[in-house]
There are 4 protein chains.
Amino acid sequence: MLFDLFRSFGVNLDLALEAREIVRGETGQEIPGVRVDRERFEHGEVTIVHIVEKAAETIMGKPVGTYITIEAPVLRENHPAAHHEVSQILARQLERFVAHIPEYGNILLVGLGNWRATPDALGPKVIEMSLVTRHLYNYAPQELKGGMRSVSALAPGVLGLTGIETAEIIKGVVEKIRPELIIAIDSLAARSVTRICTTIQIADTGISPGSGIGNRRAGINRESMGVPVIAIGVPTVVHAAVISQDTINAYLEQLQNTPVNTGFNPALARRAIEQVLEPFGGNLTVTPKEIDALIATTAKVIAGGISLALHPGLTEDDYSYYLH
Amino acid sequence: MLFDLFRSFGVNLDLALEAREIVRGETGQEIPGVRVDRERFEHGEVTIVHIVEKAAETIMGKPVGTYITIEAPVLRENHPAAHHEVSQILARQLERFVAHIPEYGNILLVGLGNWRATPDALGPKVIEMSLVTRHLYNYAPQELKGGMRSVSALAPGVLGLTGIETAEIIKGVVEKIRPELIIAIDSLAARSVTRICTTIQIADTGISPGSGIGNRRAGINRESMGVPVIAIGVPTVVHAAVISQDTINAYLEQLQNTPVNTGFNPALARRAIEQVLEPFGGNLTVTPKEIDALIATTAKVIAGGISLALHPGLTEDDYSYYLH
Amino acid sequence: MLFDLFRSFGVNLDLALEAREIVRGETGQEIPGVRVDRERFEHGEVTIVHIVEKAAETIMGKPVGTYITIEAPVLRENHPAAHHEVSQILARQLERFVAHIPEYGNILLVGLGNWRATPDALGPKVIEMSLVTRHLYNYAPQELKGGMRSVSALAPGVLGLTGIETAEIIKGVVEKIRPELIIAIDSLAARSVTRICTTIQIADTGISPGSGIGNRRAGINRESMGVPVIAIGVPTVVHAAVISQDTINAYLEQLQNTPVNTGFNPALARRAIEQVLEPFGGNLTVTPKEIDALIATTAKVIAGGISLALHPGLTEDDYSYYLH
Amino acid sequence: MLFDLFRSFGVNLDLALEAREIVRGETGQEIPGVRVDRERFEHGEVTIVHIVEKAAETIMGKPVGTYITIEAPVLRENHPAAHHEVSQILARQLERFVAHIPEYGNILLVGLGNWRATPDALGPKVIEMSLVTRHLYNYAPQELKGGMRSVSALAPGVLGLTGIETAEIIKGVVEKIRPELIIAIDSLAARSVTRICTTIQIADTGISPGSGIGNRRAGINRESMGVPVIAIGVPTVVHAAVISQDTINAYLEQLQNTPVNTGFNPALARRAIEQVLEPFGGNLTVTPKEIDALIATTAKVIAGGISLALHPGLTEDDYSYYLH
């Protein structure tokens, strides 16, 4: 029901972890066709949601697949060593998807989003910090050390900048260079401000249509691209409708301890939210003021994790040299 | 009372027009010591709030002075000719503050804000688009046409980038180059999302401490700078606490038509809002997704208006050439 | 002979006008299979070199086709009205290539070059200033006025940034969106510093392999792309080897008026130039210090000219609005 | 004599090492009042030129002071570990100038140059990568670890962007925040292309008027600023006139082995060079095509060296976190 309320405001649930929480919150029990694993590490937690049965797809609003979530609130603190650990956790989780790919088999990194809008610029920023080697493989192999993979990278921009669907650009390039795997990095919307730049989701189902803060129109997944797509997503915004919704709930909760206790009325809530947010419809997002610094930190952690996973022969020094 | 609620979340009322509306809303009558003029133009409205008496300062939370507000919802539409008109309105309003300054008397433009965070980048963007001539006056006067003023420009960055208070940097430069006037451009926070990139405030009181979306710590005004300061501000965000607040109100309003009618309880509201926004305190802001495009349009309108006002001898062609 | 000397240093002759001058300089007569038209305008000159016969291809080092050169030294002066005229001349010359394309037929703009290296950033800068409409045609036709064409735009970056050949990226996108025409904008190298940011070449043969200051490896032309390609090129650098060569010639010329007159010795010249430029081989380029301002001006003139040619229904006001 | 020839083309000798070589080349003996120390390290060499006597100032064209030159051709190679070593050498050389400054004593970093012109953007780029802490000292000391100094940073832009002399902006800020020391980073011009992005000069005399590739008009030194100024400079260009000059010399050298041997005629050379470079006067510079990548690497090495020197308590992990 809440689910529907958000959808009516164009709010998508990008994180499988949150979708599961909401569904379970409504039903009070484990979702059939869904299996969950957990792992603790020093500065956070990894939760793996396996959507294993077709039946669970509709309930969860997500395709069958594996959704790995790294929750690390420390990403918002001044704690370099901990960030380093998060990079390594990310690398270890990514490795399972790339281990089987031979060194010469190309991996295409795709940074989704709009480099002109800070909260949507995570993808392009990761691309800028990534270590691109495909041309060295093809033209100057002697410049490469052992243990490096062939990596190419693309920040295709957004429809408003190019006039071309992001998926069309990627598909066109994929058909030319035929990578073994695509890793797509995207900014997501979360249900809670606590998740902003503290949660990283890795999904082997790629990018679903309508997800991401720019609401990427078309899917970028194995079906549309013809090769496996790993999506790395980080929530960088919360939709304003979610904040509005949560505030009504919190207020009504407070009211429960008073004589004027009253239940939640979804229809009234929708009208109230519409009234407040109307001028920009579902297009209002909430971000912390320091979003530029948070995005910079997160981009570094992700680019570092990707490089560690793809180039096992790389030292830290090498990494900082190759990228610019 | 609402006033206090916002302040407890670090929410400042940057627009005099809104401060007046709220104060009047509470009292139901005109504020003593405040005078208001209005003027309609084709695509919007100019409201001039004169705070004339010291007594009104405390009530309004703004120093004695003139606050000109241009409201032009058309700025968010695809209507080039109308934007042009807004530039001209802005120019006409600015002229009253610059008319007495001789051509050789320098005017310093200051673009406040953080160029790395889209909604806070308006000031630096206007500087990039501004026509700087002071060095031509001093070193190559023959390159200048008649009817151009001596203009210098500065985007001092924010404390987190420089380690230096913005006001200190400006004051230091002012003491060296001794301009006749400072025009400071800043991003503001509004009470309503309808104002985002549709309202322009010109204030002859400069920048008050704590205003702007970055909460500029120190004031930039005649008192601190020793020369008159005209502030041009545009709301680019709304504080999340305001959205939360408004949603509670809207919901309670909806409830009035039901049997469970209940009055607004500020203490409960504060606790509810705190609960939802707590992880980032007062630092969560709401912006439309297309904020990058809106900022680009607004920066153009403002830079254009400033150039028209400062360089009466300038044709449009000239303008597009000189700036880069 | 000179030709060969330059080639040994990786110097390509990007301008047909210069190739013709050099060839004619050596032979002293008109080149068979080449026809030349000229047209004066107030602030410059248009020269159209038609390479009409296959035989002339080898002599000129350029494929059969039409090479329009606009020479406008005024582009380096402070003269807005004249720049405007150059935009209009460019538009008029481009129109002949686009007149037959229906409004709904898409035109793809491609900005070649490296946005991180100022003299190579012309192409990406023109893209930033271009008016992209394809998505409006497809999704929101009501936002478009009459007399506008469907335009898409791409700045594919360079091999070092993406690991992918520029031509591969473009070809991939072309096969997806099937434009009627490609207009590719590139930075070129010239034989003379006087041409830097004062000469614009429009060629209906597209981009030849090895041309441009980045020495784009593969051609971007009708043959490789399957659709006609119009190349707009502006010299932004001169190879250092050319400067070296010219200085030796100028010095020997000066010597002619002295008793120690001596002829030019190409073998010695090559060795001398190699000795001076050796550490960076053919990769040293000469640019004026103010190249950033020159590139900004030229990008504006070219983006303006393209928009005038592609969107005949567009007013100046419209143009400045749509682009950001 | 050569000296004069260059000066007539506005060519300044920014490196003390080169000035000494040229002077010694002409006289064939050590320069009175100059003392030289040398130190080898694995990937390069440190040469310290002490100009100790007033008399040597005029001969060298540089004020009395210490000029430390790190020559490390490896900076142009793909060798991360070696770059790391260069950062450490730089840190060790800088330490002698900062060792006596207490932790709370502020150090102001100034990045000179134009961020829009790649070869002149080194200074601003170093600032972007620098670790700014002054505000943490003043406002949130608990966020700082031991062994960190108070650092502020400024990229004042160039005259063409601000209309204000760079030295005026710096002086204004210095008078406000009263740092103990200024470290100014600048792009220089060299006499030889081999020095581009391979040589780092540290001078305790600050920046002399007319030096740097932008020919900074006014000096930035203890005299003008009232506090000591350490200048870190890296050649990123060679003046085109130098290349022209060198080519004539190299050609004449080649001629010596032929019957038409002829001596160098400075007057003819000047006329020849003028003829070739005339359209842009002394404003033509020579850079390698890959200058953007070289500047990125050098900026990283310098920002790293500065942070190591100023914040002895900082680990590498810390460093990568604090900066963004």
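Preceding block: the structure.
Residues numbered from 1 in each chain as written. Chains lettered and ligands numbered in written order. Predicted model: local features only at pLDDT ≥ 70, side-chain atom pairs only at ≥ 80, totals over all residues. Heavy atoms only, no water.

Engineer: So what's going on with the pairing of strand β5 (residues 151-154) of chain D? Which residues, and what values?
Structural biologist: Residue and element names in this part refer to chain D. Of the two faces of β5, the one carrying Val-151 and Ala-153 and the one carrying Ser-152 and Leu-154 are both buried. Relative to β5, strand β4 (residues 107-111) is paired through 4 bridges, and the arrangement is parallel. Counterpart to Leu-109 in the pairing with β5 is Ala-153. (Buried < 20%, exposed > 50% of the residue type's maximum accessible area, 1.4 Å probe, protein only. Helix = DSSP H or I, 4+ residues; strand = E, 2+ residues; numbered from the N terminus. Pairing = 2+ DSSP bridges.)

Engineer: Describe the interface of chain A and chain B, listing the residues and the values that go with them.
Structural biologist: Residue-level contacts link 49 residues of chain A with 50 residues of chain B. Carbon and sulfur atoms supply 64% of the area buried between chain A and chain B, which totals about 4,200 Å² over both sides. For chain A, the biggest contributors to the area lost against chain B are Tyr-251, Phe-280 and Lys-289 of chain A; these three give 19% of the whole. Taken together, chain A and chain B are joined by 17 residue pairs in polar contact (both at pLDDT 80 or more). Where the side of chain A that touches chain B is concerned, the elements lending two or more residues are α10 (240-255), α11 (266-277), β9 (284-288) and α12 (291-310) of chain A. Along the lines of polarity and charge, the residues of the side of chain A that touches chain B split into 25 nonpolar, 16 polar and 8 charged. Direction of pairing for β9 of chain A relative to strand β9 (residues 284-288) of chain B: antiparallel, over a ladder of 5 bridges. When the sheet's bridge partners are listed, Pro-288 of chain A is paired in β9 of chain B with Leu-284 of chain B. (Contact = heavy atoms within 4.5 Å. Buried area = accessible area lost by both parts, 1.4 Å probe. Polar contact = N/O pair within 3.5 Å; in protein donor to acceptor, adjacent residues only side chain to side chain. Nonpolar A, V, L, I, M, F, W, Y, C, P; charged D, E, K, R; others polar.)

Engineer: Describe the relation of the copies chain D and chain B, with residues and values.
Structural biologist: Superposition of chain D onto chain B requires a rotation of 180 degrees combined with a translation of 0.0 Å along the rotation axis, giving an RMSD of 0.0 Å. Read as a symmetry element, the transformation amounts to a two-fold axis. Closest approach to the rotation axis among the C-alpha atoms of chain D is made by Gly-172 of chain D, whose C-alpha sits 1.9 Å away. When the interface residues of chain D are mapped onto chain B, 100% of them again lie at the interface, so the same face is used by both copies. (Least-squares fit on C-alpha atoms with pLDDT ≥ 70 in both.)

Engineer: Describe in detail the packing of helix α8 (residues 166-177) of chain A against helix α8 (residues 166-177) of chain C, supporting the description with residues and values.
Structural biologist: Two elements in contact, α8 of chain A and α8 of chain C, have axes whose closest approach is 7 Å; the angle formed by their N-to-C orientations is 120 degrees. Classified by the angle their axes make, α8 of chain A and α8 of chain C are oblique. You can see that α8 of chain A and α8 of chain C cross each other, and the crossing is right-handed. Between α8 of chain A, through Glu-168, Ile-169, Lys-171, Gly-172, Val-173, Glu-175, Lys-176 and Ile-177 of chain A, and α8 of chain C, the contact on the second element is made entirely by Glu-168, Ile-169, Lys-171, Gly-172, Val-173, Glu-175, Lys-176 and Ile-177 of chain C. When grouped by side-chain class, the residues that make up the contact of α8 of chain A with α8 of chain C number 6 nonpolar, 2 polar and 8 charged. (Axes fitted to C-alpha atoms, helices over the stretch in contact; angles between N-to-C directions. Parallel < 35°, antiparallel > 145°, perpendicular 65-115°, else oblique. Left-handed = near helix turned anticlockwise from the far one by under 90°.)

Engineer: Account for the side chain of Thr-247 of chain B, with residues named and values stated.
Structural biologist: Along the chain, the position of Thr-247 of chain B falls in helix α10 (residues 240-255). Among residues more than four places away in sequence, those in contact with Thr-247 of chain B are Ser-244, Ile-248, Ala-272, Ile-273 and Val-276 of chain A.

Engineer: Could you give an account of the relation of the copies chain A and chain B, with specific residues and numbers?
Structural biologist: Of the transformation placing chain A onto chain B, the axial shift is 0.0 Å and the rotation is 180 degrees, giving an RMSD of 0.0 Å. A share of 100% of the interface residues of chain A reappears at the interface of chain B, consistent with the copies meeting face to face through the same patch.

Engineer: Residue-level account of helix α8 (residues 166-177) of chain D, with values.
Structural biologist: Residue pairs spaced three or four apart in an α-helix point in one direction, given the helix's 3.6 residues per turn. All names here are of chain D. With 12 residues, α8 should cover 16 Å at 1.5 Å per step; its first-to-last C-alpha distance of 17 Å lies within 8% of that length. Every buried residue of α8 is listed here: Thr-166, Ala-167, Ile-169, Ile-170, Gly-172, Val-173, Val-174 and Ile-177. Of the residues one or two after α8, Arg-178 is the one with positive phi, at around 45 degrees. (Expected span 1.5 Å × (residues − 1).)

Engineer: Describe the nonpolar core, with residues and values.
Structural biologist: Ranked by size, the top nonpolar core spans 138 residues in total, and within it Ile-183, Ile-200 and Ile-306 of chain C together with Ile-183, Ile-200 and Ile-306 of chain D carry the most contacts. Not counting the four nearest positions on each side in its chain, Ile-306 of chain C is found in contact with Leu-94, Leu-109, Val-126, Ile-183, Ile-185 and Ile-232 of chain C. Ranked by size, the runner-up nonpolar core spans 137 residues in total, among them Leu-75 and Ile-185 of chain A together with Val-132 and Ile-200 of chain B. (Core = buried A, V, L, I, M, F, W, Y, C linked by side-chain atoms within 4.5 Å.)

Engineer: Break down the environment of Tyr-251 of chain C for me, citing the residues and quoting the values.
Structural biologist: Take Tyr-251 of chain C: it is sitting in helix α10 (residues 240-255). Judged by relative accessible area, which is 1%, Tyr-251 of chain C ranks as buried. Not counting residues up to four positions away in its chain, the partners in contact with Tyr-251 of chain C are Ile-248, Leu-252, Gly-263, Phe-264, Asn-265, Leu-268, Ala-269 and Ala-272 of chain D. Looking at Tyr-251 of chain C, its side chain comes within polar contact range of the main-chain nitrogen of Asn-265 of chain D, at 2.9 Å.

Engineer: How would you summarise the interface of chain D and chain B if you had to cite specific residues and measurements?
Structural biologist: Contacts between the two partners involve 27 residues from chain D, matched on the other side by 27 residues from chain B. Overall, the association of chain D and chain B removes approximately 2,300 Å² of surface from exposure, summing both partners, and the carbon and sulfur fraction of that is 55%. In this structure, the connection of chain D to chain B is made through 4 salt bridges. A salt bridge links Glu-175 of chain D to Lys-176 of chain B, with the nearest nitrogen and oxygen atoms 3.2 Å apart. Across the contact surface, chain D and chain B share 6 residue pairs in polar contact (both at pLDDT 80 or more). Residue assignment for the side of chain D that touches chain B shows that the elements contributing at least two residues are α6 (134-139), β5, α7 (159-162) and α8 of chain D. Of the residues that constitute the side of chain D that touches chain B, the class distribution is 11 nonpolar, 7 polar and 9 charged. (Salt bridge = Lys/Arg side-chain N within 4 Å of Asp/Glu carboxyl O.)

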